[in-house]
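Here is what each chain is made of, one letter per residue.
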Amino acid sequence: MAAVGGFPESADVVVVGAGSCGSVLAGRLSEDPERNVVVVESGPGHRGPEEFPPDLNDAGVLPVGPNSRWTWPYPVELTSGRSGWIARGRVLGGSGAVNGGYFVRAQVEDFGDWPASWSYEQVLPFYRAIETDWDFTGQWHGTDGPIPVRREPLEAWHPISSAFADVAHAAGHPDDPDKNAPGSKGIGPVPLNIRDGVRVGPASAYLIPNLDRPNLTVRSDTTVTRVLFSGTRVTGLEVSTTSEVRMIRTSEVVLTAGAVATPHLLMLSGIGDADHLSALGIPVVADLPEVGAEFTDHPEIVVPYRYRRPVTRTRRTPALQVTLNTGAIEMRPYTASFGDLIPGAGAGKPCLGVVLMRPHSRGEIRLLSADPGDVPRVSYRYLESADDRRTLRDAVSHAEELMHAGPMSRLLEPEPIELSDQWLADHLGTSLHLSGSCRMGVNEDESVVDERCRVHGVDGLFVVDTSILPTVPSRGPHATAVMVALRASTFL
Ligand SMILES: Cc1cc2nc3c(=O)[nH]c(=O)nc-3n(C[C@H](O)[C@H](O)[C@H](O)COP(=O)(O)OP(=O)(O)OC[C@H]3O[C@@H](n4cnc5c(N)ncnc54)[C@H](O)[C@@H]3O)c2cc1C
């Protein structure tokens with residue numbers, strides 16, 4: 001697919017990565033016709049809705065398997081001695097173009113970890129502005145935003161969604177019809193940014209409709225390899241295509257490369273822990289030890305079962321229709337195995353996801369070399385916290401009870417569970433919600449960007465993506481990522 005736009009020599013502002021946040025920022029910043037906005041995206045682009053790759057439209061699958069054309073695969077260590085890999089979107093729309101379509105807000109108490117200027121009251125107008133909620137109106141919901149939010153009607157529920165909701169209600173969990181209302185907890189339908197089986201992500205909502213603006217250039221298939229500085233002032237970017245390395249001159253750069261690539265790029269550019277950078281021969285521009293440090297994500301225990309009778313799922317059925325949110329745990333009765341949801345992933349068993357939404361464990365991203373072509377080392381350090389292990393063991397026990405109850409036991413037979421820390425490690429995965437690898441904060445010693453998304457210690461450099469969330473929200477992060485980008489666009 002051709003790059004969108006010619007090769008720009010300079011710009012007023014360059015947005016690095018046309019993913020979930022980058023799409024919103026590019027669309028919003030280019031509303032000012034006097035501002036020359038360039039977006040550099042490593043993955044393929046498309047010039048309009050008609051060129052949108054059809055396999056990205058289908059919200060019934062996650063196109064992130066080993067042969068995907070739309071992802072960066074990263075090898076990771078999930079917990080000591082247990083490796084795996086994660087995918088991040090690498091295409092116009094980024095991870096939001098390949099994700100599960102679960103579009104839910106953070107909880108009010110999640111903002112207790114954020115600077116005071118990012119309280120729930122202050123961010124609510126931006127959550128509302130991004131959406132049109134098809135099911136609910138009133139003070140919590142948007143009515144004219146570009147992203148549709150809807151829940152699956154009961155008649156479209158997969159048998160696993162209905163059976164799981166029945167047993168959760170019978171076990172005393174409250175009904176939770178609106179997971180985007182403050183105080184939501186219990187069992188209920190998930191809000192989805194899916195319309196007629198098609199994901200409507202930030203690229204389709206904010207970027208693609210504006211590609212014909214004369215002051216907006218999207219340069220796809222081009223990877224930023226370094227931010228360039230004169231002293232501590234941004235002067236431009238080094239970028240590479242398959243055929244050449246070039247520079248783009250600019251005094252303002254917004255990194256929206258996502259929670260793995262953004263800390264990677266910062267460190268390659270001399271911003272990070274000074275000892276770590278010096279050991280790799282990278283000249284230090286700003287000593288910020290929190291770059292790549294103490295990130296958070298949702299560890300997910302995959303509890304497998306087999307169906308007692310064949311169940312049917314249509315192409316329109318999303319991966320997830322209902323969740324149970326109880327305490328720090330989210331339970332996800334997926335409507336298909338990951339083998340079926342992810343093309344090329346191989347055979348998989350149907351499963352219930354038991355997910356820790358408020359983990360204590362903290363991960364780390366570090367460079368393996370100063371070569372931009374080498375992926376960084378991503379260590380999740382899941383299950384290192386005794387509290388996390390205990391909460392997950394208790395949750396798996398409860399999941400087992402639910403799976404052996406009434407409608408669930410008539411539908412499926414769980415595999416035997418010999419619950420131990422080893423069993424947890426053997427069934428461990430991640431929800432791919434990585435956040436907080438360049439945290440926002442008021443204290444320079446404990447964060448990477450300030451409340452206005454400015455990188456500490458340098459001029460002209462901003463970060464606006466899930467890396468700046470102080471901790472991963474206790475719900476999926478996508479709606480929060482879009483909210484953050486929309487709010488940031490008001491002061492960038
Ligand atoms: C498979 C999958 C399923 C998920 N499911 C859900 C879900 O159902 N609900 C939910 O809430 N969350 C989900 N998430 C998480 C959510 O989608 C992400 O948190 C969110 O999209 C991240 O947005 P971002 O803007 O921070 O980064 P991204 O959307 O990942 O955007 C980063 C962009 O930057 C580009 N880029 C990176 N490095 C460079 C570089 N050096 N030069 C140029 N461009 C670069 C990338 O190609 C990408 O397009 C899922 C994530 C994945 C991967």
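The name given to the protein chain in an unreviewed UniProt entry is Mycofactocin system GMC family oxidoreductase MftG, with the source organism recorded as Rhodococcus spongiicola. Taken verbatim from the UniProt record of the protein chain, the Cofactor (unreviewed entry) comment is "FAD". Under the heading Sequence similarities (unreviewed entry), UniProt records this for the protein chain: "Belongs to the GMC oxidoreductase family."

One open sheet accounts for five strands, arranged S10-S2-S1-S14-S26; its pairing is parallel. If you trace the sheet from one side to the other, it starts and ends with strand S10 (216–219) and strand S26 (461–463), each paired once. Looking at each pair of strands side by side, their axes are set apart by 20° on average, direction ignored. For strand S1 (residues 13–16) and strand S2 (residues 37–40), the ladder comprises four bridges, and the chain directions are parallel. Paired with Val13 across the strands is Val37, a residue of S2. Set on the sheet, helix H1 (residues 20–29) makes contact with S1, S2, S10 and strand S14 (253–255); between it and S1 the angle comes to about 160°.

Turning next to the UniProt feature "domain: Glucose-methanol-choline oxidoreductase N-terminal" (unreviewed entry) in the protein chain. Per the UniProt record, "domain: Glucose-methanol-choline oxidoreductase N-terminal" (unreviewed entry) is found at residues 258–272. Helix and strand shares over residues 258–272 are 73% and 13% respectively, and the end C-alpha atoms of the span are 16 Å apart.

Summed over all chains, the structure comprises zero disulfides. Of all cysteine sulfurs in the structure, the one in Cys453 sits closest to Cys21, which takes part in no disulfide; the separation is 9.5 Å. Its relative accessible area of 4% is what places Cys21 among the buried residues.

What follows concerns the site of the ligand. Residues in contact with the ligand amount to 36 residues; listed here are only the nearest, Ser20, Glu41, Ser95, Tyr102 and His478. Between Glu41 and the ligand, the recorded distance is 2.6 Å, taken from a side-chain N or O atom to an oxygen atom. In this structure, an oxygen atom belonging to the ligand sits 2.8 Å away from a main-chain N or O atom of His478. If you list the elements that add at least two residues to the shell around the ligand, you get H1, strand S4 (82–89), strand S11 (223–230) and helix H6 (258–268).

A word on the packing of helix H3 (residues 120–130) against helix H12 (residues 478–488). Two elements in contact, H3 and H12, have axes whose closest approach is 9 Å; the angle formed by their N-to-C orientations is 105°. The angle between H3 and H12 falls in the class roughly perpendicular. Along its contact with H3, which presents Gln122, Val123, Phe126, Tyr127, Ala129 and Ile130, the element H12 presents Ala479, Thr480, Val482, Met483, Leu486 and Arg487.

Okay, the nonpolar core next. Membership of the largest hydrophobic core comes to 141 residues, with the highest contact counts inside it found for Phe164, Ile271, Val354 and Leu461. Examining the composition of this core, we find that eight residues originate from one element, H12, more than from any other. When residues of this core are assigned to domains, at least three map to each of domain 1 (13–71 + 86–100 + 200–293 + 435–488) and domain 2 (154–195 + 296–430). Setting aside anything within four residues of it in sequence, one finds Ile271 in contact with Phe229, Leu266, Leu277, Val285, Ala286, Leu288, Val291, Val455, Val458 and Leu461. The next biggest cluster of nonpolar side chains, apart from the first, holds nine residues, and it includes Tyr102, Leu192, Leu320 and Cys351.

A few words on the side chain of Glu364. Note on placement: Glu364 falls in strand S22 (residues 363–366). A polar contact of 3.4 Å, which involves the side chain of Glu364, links it to the side chain of Arg381. Those residues in contact with Glu364, other than ones at most four positions away along the chain, are Gly292, Phe295, Arg377, Val378, Ser379 and Arg381.

This paragraph deals with H1. Across the 10 residues that make up H1, a large majority, nine, are buried. Within H1, burial applies to Ser20, Cys21, Gly22, Ser23, Val24, Leu25, Ala26, Gly27 and Leu29. Against the buried residues of H1 lie S1, S2, helix H5 (202–207), S10, S14 and H12.

Here we take up the sheet that holds S4. Pairing in this open sheet of five strands is mixed, and the strands run S4-S3-S23-S22-S17 from one edge to the other. Of all the strands in the sheet, the pair left with one neighbour each is S4 and strand S17 (293–295). Neighbour to neighbour, the strand axes of the sheet diverge by 35° on average, direction disregarded. As judged from the two bridges shared by strand S3 (residues 71–79) and strand S23 (residues 377–379), these two strands associate in the parallel manner. Paired with Glu77 across the bridge in S23 is Ser379. Across the face of the sheet, H6 comes into contact with S3, S4, S22 and S23 while running at roughly 45° to S22.

One can read the domain layout of the protein chain as domain 1 (13–71 + 86–100 + 200–293 + 435–488) and domain 2 (154–195 + 296–430). On a C-alpha basis, the centroid separation for the pair domain 1 and domain 2 is 28 Å. Taken residue by residue, the interface counts 39 residues in domain 1 and 40 residues in domain 2. Around 3000 Å² of area is buried between domain 1 and domain 2 when both sides are counted, 58% of it from carbon and sulfur atoms. The largest contributions to the domain 1 side of the interface with domain 2 come from Val200, His264 and Arg475, which together make up 19% of the buried area. On inspection of domain 1 and its partner domain 2, the count reaches one salt bridge. For the interface between domain 1 and domain 2, the tally reads 14 residue pairs in polar contact (both at pLDDT 80 or more). Looking at the side of domain 1 that touches domain 2, the elements that each hand over two or more residues are S11, H6 and helix H7 (274–279). If you tally residues by element for the side of domain 1 that touches domain 2, the top one is H6, at six residues. Within the side of domain 1 that touches domain 2, the residues separate by chemical class into 21 nonpolar, 14 polar and four charged.

What counts as what
- Each chain carries its own residue numbering, running from 1 in the written order of its sequence.
- At least 70 in pLDDT is required for a residue's local features to be given in this predicted model, at least 80 for side-chain atom pairs to be given and counted, and no such filter applies to totals for whole chains, interfaces and linings, which use all residues.
- Only hydrogens and water are set aside; all other atoms, that is, all heavy atoms of the structure, feed into the side-chain values.
- UniProt positions are given in the numbering used here, feature names are shortened, and annotations may be inferred rather than shown by experiment.
- One bridge is not enough; two strands pair if DSSP finds at least two bridges between them.
- Helix numbers and strand numbers start at the N terminus; a helix is a DSSP run of H or I with at least 4 residues, a strand a run of E with at least 2.
- Axis definition: a line fit to C-alpha positions, over the contact stretch in the case of helices; interaxial angles, taken between N-to-C directions, run 0 to 180 degrees.
- In what follows, residue pairs with any heavy atoms lying within 4.5 Å of each other are defined as contacts.
- Disulfides are defined as pairs of cysteine sulfur atoms found within 2.5 Å of each other.
- Partly exposed residues are those whose accessible area sits between 20% and 50% of the maximum for their type, while under 20% is buried and over 50% is exposed, using a 1.4 Å probe and protein chains only.
- Definition of nearness: a residue and a molecule or strand are near each other if at least one heavy atom of the residue lies within 4 Å of the molecule or strand.
- Here a polar contact is recorded for every N or O atom pair within 3.5 Å, except that within protein the pair must consist of a potential hydrogen donor and a potential acceptor, and residues adjacent in sequence are included only if both atoms are side-chain atoms.
- Each angle is binned into one of four classes, with values under 35 degrees roughly parallel, values over 145 roughly antiparallel, values of 65 to 115 roughly perpendicular, and all other values oblique.
- Buried Ala, Val, Leu, Ile, Met, Phe, Trp, Tyr and Cys residues form a nonpolar core when they are joined through side-chain atoms within 4.5 Å.
- By convention here, the domain bounds are inherited from an automatic or database domain assignment.
- Two parts placed together each lose some accessible area under a 1.4 Å probe, and the buried area is that loss summed for both.
- Every case where a carboxyl oxygen of Asp or Glu lies within 4 Å of a side-chain nitrogen of Lys or Arg is listed as a salt bridge.
- For this classification, Asp, Glu, Lys and Arg are treated as charged, while Ala, Val, Leu, Ile, Met, Phe, Trp, Tyr, Cys and Pro are nonpolar and the rest, including Gly, are polar.

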